[in-house]
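Structural description and commentary
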There are 2 protein chains.
Amino acid sequence: RIKASGLKLRFCTNETQATRENFVKKLQGMGFDISVAEVTAPAPAACRILKERSLRPHLLVHNDLVPEFAEIDKANPNCVVIGDAAENFTYANLNEAFRVLIGMEKPVLISLGRGRYYKETDGLKLDVGAYMKALEYACDVQAEVVGKPAKMFFESALAEMGVPPEQAIMIGDDIVNDVGGAQRCGMRALQVRTGKYRPCDENHPHVKPDAYVKDLAEAVDVILQHL
Amino acid sequence: RIKASGLKLRFCTNETQATRENFVKKLQGMGFDISVAEVTAPAPAACRILKERSLRPHLLVHNDLVPEFAEIDKANPNCVVIGDAAENFTYANLNEAFRVLIGMEKPVLISLGRGRYYKETDGLKLDVGAYMKALEYACDVQAEVVGKPAKMFFESALAEMGVPPEQAIMIGDDIVNDVGGAQRCGMRALQVRTGKYRPCDENHPHVKPDAYVKDLAEAVDVILQHL
């Protein structure tokens, strides 16, 4: 319905447990009209940074994300890239990433998101942000965050659409990463009351969405009504 | 030589990979005149706090430390105690400790130290402080640190000796945890140029020991000379 109305559309995800190909397949299976070219995701954004700055990463990421870094030189690493590695967050792997970092004259840590935790069918899980904090503290370094809520991430999605922030609206379930990040970029933002949404989000000390909607369908209703 | 001179002596350790019994056995094997009663360590300090505040811990600690908590009620936990769990720092165990914390109305996290990393024969390892930071971030909570450099830890060692801080001197290899912690308590502190000591410690932005000594033997020489 968004596309049919003539509006430009971009899917911004912090998904780092799968390649964009697999992410898109999953959404297509749910009935979404979506292609890889319409997705803004942290791993490709990180690859752009790695190339620009001639960085060779040591990867601490999910196995299924590794193909996104296929074209990147990973020999003799001079930075660490951390994503939501899930089962790959072992004691041995964390120590290894730490040793690579602490061995650098000026450690460079790139984090694919700064999420605190997320919910899976078998319960809550620590997200990449928690492990990022562990490495930041151990190495006395500040990670460069790629992905929501980084300003640069929203800006690149806007640039890909060729739309200025004041003409764009973000729809998301995450009060900080989706709503807060988009608003700091000059966009408006709707929060859906589904997914990661929690009632206490409505009392968030710093972030207030421009409006709440019941779900994604109502978000589309509201946007099309205001055209 | 310290004991023979009539000075009071106390061993302050952040060791949380073994009970005091095993720690003392190791030092006795190296020829030190030391008994369990002379050791101030984080686990017993944590046990005092747990009892005082009726806290029932979920333990994320090294297997060899568990006996220190033998007398503590651990059913239906209302806090998390984290130590240097080493191989017990698995993805599953970290998620479990996180779920216990995030499930509390007001999460209570007690950390046995805040060390960043340490060296073992097979390389550098992340210390408890890094994992503490991960849980702090995920749960938006501040850990209560037991052990060096916490002021309360040094104060209880002093109380056990019955000595005021201005009449006590700390000997240690760690510029922040030993020297800085003791000085903030009103004690003087010597740094030995062995163990964890690194030359760059001598340019530390905040902490300056009262003197440097070559090793533990020279520390004793210096102290006895000034009696």
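Preceding block: the structure.
Residues numbered from 1 in each chain as written. Chains lettered and ligands numbered in written order. Predicted model: local features only at pLDDT ≥ 70, side-chain atom pairs only at ≥ 80, totals over all residues. Heavy atoms only, no water.

Secondary structure summary: chain A contains seven helices and 11 strands in total. Over its C-alpha trace chain A gives a radius of gyration of 18 Å, about what one expects of a compact globule, namely 17 Å for 227 residues. Dimensions along the principal axes, computed over C-alpha positions, put chain A at roughly 55 × 35 × 30 Å. Across the 227 residues of chain A, 51% fall into the buried class. (Helix = DSSP H or I, 4+ residues; strand = E, 2+ residues; numbered from the N terminus. Rg over C-alpha atoms; globule rule 2.2 N^0.38 Å. Buried < 20%, exposed > 50% of the residue type's maximum accessible area, 1.4 Å probe, protein only.)

The subject of this paragraph is the sheet that holds strand β10 (residues 188–192) of chain A. Residues and elements named next belong to chain A. With respect to topology, three strands assemble into an open sheet ordered β9-β10-β11, the strand pairing being parallel. The two strands at the open ends of the sheet, each matched to only one other strand, are β9 (169–172) and β11 (211–213). When strand polarity is set aside, the average angle formed by the axes of neighbouring strands in this sheet is 25°. Two elements, β9 and β10, share four bridges in a ladder whose sense is parallel. Bridge pairing in β10 places Gly172 opposite Gln191. Taken strand by strand, helix α6 (residues 175–184) contacts β9 and β10, and its axis lies near 165° from that of β10. (Pairing = 2+ DSSP bridges. Axes fitted to C-alpha atoms, helices over the stretch in contact; angles between N-to-C directions. Contact = heavy atoms within 4.5 Å.)

All right, on to the pattern of salt bridges then. Residues and elements named next belong to chain B. This model, assessed by the stated rule, comprises 25 salt bridges over all chains. A salt bridge links Lys3 to Glu38; the nearest nitrogen and oxygen atoms lie 2.7 Å apart. Of this pair, Lys3 sits in the segment before β1 (11–12) while Glu38 sits in the loop between α1 (20–29) and β2 (39–40), placing them 35 residues apart in sequence. Classification of Lys3 by relative accessible area gives partly exposed; the value is 29%. (Salt bridge = Lys/Arg side-chain N within 4 Å of Asp/Glu carboxyl O.)

Each partner contributes residues to the interface: chain B has 29 residues there, and chain A has 29 residues. For the pairing of chain B and chain A, the buried interface totals around 2,600 Å² over both sides, and the portion due to carbon and sulfur atoms is 64%. Of all residues in chain B, Tyr91, Leu126 and Tyr137 of chain B bury the most surface against chain A, accounting for 32% of the area lost on that side. At the boundary of chain B with chain A, the tally comes to zero salt bridges. Summed over the shared surface of chain B and chain A, the number is 10 residue pairs in polar contact (both at pLDDT 80 or more). Going through the elements one at a time, α3 (91–102), β6 (117–120), β7 (123–126) and α4 (128–139) of chain B are the ones with two or more residues in the side of chain B that touches chain A. If one sorts the elements of the side of chain B that touches chain A by residue count, α4 of chain B sits on top with nine residues. (Buried area = accessible area lost by both parts, 1.4 Å probe. Polar contact = N/O pair within 3.5 Å; in protein donor to acceptor, adjacent residues only side chain to side chain.)

This next bit is on the sheet that holds strand β3 (residues 57–60) of chain B. All names here are of chain B. Strand order in the open sheet formed by four strands is β3-β4-β5-β8, and the pairing between neighbours is parallel. Every other strand in the sheet has two partners, leaving β3 and β8 (144–146) as the edge strands with one partner each. With direction set aside, neighbouring strand axes in the sheet form an average angle of 25°. Pairing between strand β5 (residues 109–112) and β8: three bridges, direction parallel. Residue pairing across strands places Ser111 opposite Val145, the latter belonging to β8. Running at roughly 160° to β3, α3 makes contact with β3, β4 (79–82) and β5 of the sheet. Taken strand by strand, α4 contacts β4, β5 and β8, and its axis lies near 170° from that of β5.

A few words on the relation of the copies chain B and chain A. Between chain B and chain A, the superposition needs a rotation of 179° and an axial shift of 0.1 Å, giving an RMSD of 0.1 Å. One copy is carried onto the other by what is essentially a two-fold rotation axis. Taken as a fraction of all interface residues of chain B, those also at the interface in chain A reach 100%, which identifies the copy contact as same-surface. (Least-squares fit on C-alpha atoms with pLDDT ≥ 70 in both.)

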